[in-house]
Amino acid sequence: MREISVVITMDCEPSTATSHPRATGPRDWAMGERAVLGYAAIARSYGFPCTFFVHPETILAQADLFRALEREGHCVGLHMHPWKYSFWRHEGERYRAHFGDLSEAEATALLAEASALFHEAMGRPPLWFRPGTFSANDASFRVLAALGFRGGSVSAPERVYRETRSVWSGCEPDPHRAHATFRQIAGDLPFGNMPLSADLSRILTAPNGRRMPADFRPDTDWPGQYGVSYRAIAENILAQVRQRDPAVPVLNAISHNMFEYRDPADPVCQRFKVMLDELSGACERAGVKPVGTTVADIAERALRVAPPEEEFAYI
Ligand SMILES: [Zn+2]
C-alpha cells in the first residue's frame, strides 16, 4: 500500500437553543461557525479537505457558510438525530427516536422531509449521510439507497451503545457497498459506506458503560481519560488497515461543531493538531502517502468494489 485516503469529517449539530438543553451541539450559531471554519482551516493546513454532515436546521441557518465551503472543495452531506429534529420540527412528538429505532416507513418519511430542507438550503438534494451516534438498523441502508443517497459514513465498527441503537459488533471495517438486509456485511446496494476508523485492538468501556474502540476524534481526551495516546491510535489504525489491505483504504476521522477550533489555546483544538501530526507521522514512518479526500470520492470508489464472494457456512 503506497497511498491511503484521509477523510476528515465533522458532524454539524443544531444549536442547543433549537434542539434540547441536554443535546450535544454549539450553544449558538456563531459558535458553530467558528468551529466549522477553524476545523476546515486546520485540516487544510495539513492538505486535507473536510466532509461536513449537517443537521437540517443547521444547514438552513448556515446555508451560505456551507455553500461557500462546498465551493472551496469541502463536501457537505446530511446528518440526522431524529429526536433533535423532532423537537425543532414536530414539537418533540413525531420521530422522538434514534435513527436505528425507526421503521423503514418512518425512516423514509423523515429523510424525505429532511432532504427537502437540505435541498432548499443547498440548491441540490443531499447525496451522503451519517446518522447521529451511528445509530442504524438493518433497514437503514435500504432506505438510504432507495432515496438516492450515493453513500455516507453510517457505521462505527465495534461500537456498542445499545440505548442509542448503535450496535456495530462484527461489522465490515473498510469502505464497501452496503447490504440490503444485514447492516454488518458488504452487499450490492448502490450505497457506498465508509466506516469510522477505529483502533480495533482494544474495546474500551466509558464510565457510562458504553463500549467502543478508540478513534481519531479530538473531542475525547483519549490520553487523559483512557491512557491511549494519539500516536498509538494512529499507528494501530494504520497497521490494521494495511494488514486488511482493502480495495479502498481510508483513515476516517470525526469531530463535532461545538469546539473552539479557532482558539489555539483550546484543548480540543490542540488535540486536533496532535492527532493530525500523529496521523501524518504514522503514515510517513510506514512509507504510505496520506491523500486528503471526501466521503463523495470514497463512496464512489466503494461502489465500484464487487461484493465479496463468501463461502457458505454449513453450520
Ligand atoms: Zn450528531
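An unreviewed UniProt entry annotates the protein as Chitooligosaccharide deacetylase of Caldovatus sediminis. Per UniProt, the protein has the following entry under Sequence similarities (unreviewed entry): "Belongs to the polysaccharide deacetylase family." The protein has a UniProt comment under Function (unreviewed entry) that states "Is involved in generating a small heat-stable compound (Nod), an acylated oligomer of N-acetylglucosamine, that stimulates mitosis in various plant protoplasts."

> Can you help me understand empty space enclosed by the protein in this one?
Gaps between atoms show up when a probe of the same size as a water molecule is rolled over them. Under the criterion given, the structure shown has 2 cavities of 30 Å³ or more. In this structure, the largest cavity encloses a volume near 80 Å³. With 4 residues, the top contributor of residues to the lining of the largest cavity is helix α8 (residues 230-244). Here the residues of the lining of the largest cavity sort into 10 nonpolar, 2 polar and 2 charged. Tallied by class, the residues present in the lining of the second largest cavity amount to 6 nonpolar, no polar and 2 charged.

> What should I look at first to understand helix α3 (residues 63-71) in this one?
Helical periodicity: at 3.6 residues per turn, an α-helix aligns residues three or four positions apart in one direction. Among all positions of α3, only Ala63, Leu65, Phe66 and Leu69 are buried. Projection of α3 onto a plane perpendicular to its axis shows the buried side chains occupying an angular sector of 165°, all on one side. Exposed and oriented more than 90 degrees from the buried face of α3 are Asp64 and Arg71. Where α3 is buried, its residues contact β1 (3-12), α1 (29-45), β2 (50-54), α2 (56-61), β3 (75-80) and α5 (104-122). Taken from the residues just after α3, Gly73 is the one with a positive phi, measuring 100°.

> Would you mind showing me how to read the coordination of the zinc ion here?
Geometry sets the ideal angles at a metal, namely 109.5 degrees for four tetrahedral donors and 90 or 180 degrees for six octahedral donors. The zinc ion binds to the protein through Glu13 (OE), His79 (NE2) and His81 (NE2), with metal-donor distances spanning 2.0 Å. Considered as a linear motif, the donors of the zinc ion on their single chain read E-x65-H-x1-H. In this pair, Glu13 sits in the loop between β1 and α1 while His79 sits in strand β3, placing the two residues 66 residues apart along the sequence. Taking the relative accessible area as the measure of exposure, His79 reaches 0% and is therefore buried.

> Teacher, can you tell me more about the UniProt feature "domain: NodB homology" (unreviewed entry) in the protein here?
The sites that UniProt annotates as "domain: NodB homology" (unreviewed entry) are residues 44-150. The straight-line gap between the two end C-alpha atoms of residues 44-150 is 25 Å; of that span, 48% is helix and 14% is strand.

> Please clarify how the packing of aromatic side chains should be interpreted in this entry.
The geometry of an aromatic ring pair is captured by two quantities: the separation of the ring centres and the angle between the planes. All chains considered together, the criterion is met by 13 aromatic pairs. Here Phe141 and Phe191 contribute two aromatic rings whose centre-to-centre distance is 5.5 Å and whose plane-to-plane angle is 55°, an arrangement assigned as tilted. Note that Phe141 is positioned in helix α6 (residues 140-146) and Phe191 in the loop between β8 (176-177) and β9 (192-193), a separation of 50 residues in sequence. Take Phe141 and Phe191: they sit in the same class, and that class is buried. Among the aromatic residues, ring-to-ring pairing joins Tyr39, Phe259, Tyr261 and Phe272 into one connected group. Stacked on the ring of Trp168, the Lys or Arg Arg183 has its end atom at 5.4 Å from the ring centre. The cationic tip of Arg210 hangs over the ring face of Tyr161; the distance from NZ or CZ to the ring centre is 5.1 Å.

> Whenever I open this one, the environment of Asn236 confuses me. Can you help?
Mapped onto the secondary structure, Asn236 falls in helix α8. Taking C-alpha positions, Asn236 is 39 Å from His119, a pair spaced 117 residues apart along the chain. Not counting residues within four places of it along the chain, the set of residues in contact with Asn236 comprises Asp199 and Ser201.

> Help me understand the pairing of β3, please; the structure alone is not making it clear to me.
In summary, the side chains of a regular strand alternate between the two faces of the sheet. Here β3 lies mainly inside the structure; 6 of its 6 residues are buried. Bridge count between β2 and β3: 4 bridges; the pairing is parallel. Bridge pairing in β3 links Thr51 to Cys75. Relative to strand β4 (residues 128-131), β3 runs parallel, the two sharing 3 bridges. The residue of β4 that forms the bridge with Met80 is Pro131.

Cut-off values and rules
- Residues numbered from 1 in each chain as written.
- Predicted model: local features only at pLDDT ≥ 70, side-chain atom pairs only at ≥ 80, totals over all residues.
- Heavy atoms only, no water.
- UniProt positions renumbered as here; feature names shortened; annotations may be inferred.
- 1 Å grid on protein atoms, 1.4 Å probe; cavity = no way out; pocket = protein on both sides within 12 Å on 5 of 7 lines; lining within 4 Å.
- Points joined across faces, edges and corners; volume = space filled by probe spheres on them.
- Helix = DSSP H or I, 4+ residues; strand = E, 2+ residues; numbered from the N terminus.
- Nonpolar A, V, L, I, M, F, W, Y, C, P; charged D, E, K, R; others polar.
- Buried < 20%, exposed > 50% of the residue type's maximum accessible area, 1.4 Å probe, protein only.
- Arc of directions from axis to C-beta.
- Contact = heavy atoms within 4.5 Å.
- Donors = N, O, S within 2.8 Å, 3.2 Å for Na, K, Ca; no water.
- Phe/Tyr/Trp six-rings, centres within 6.5 Å; stacked < 30°, edge-to-face > 60°.
- Lys NZ or Arg CZ within 6 Å of the ring centre and 35° of its normal.
- Pairing = 2+ DSSP bridges.

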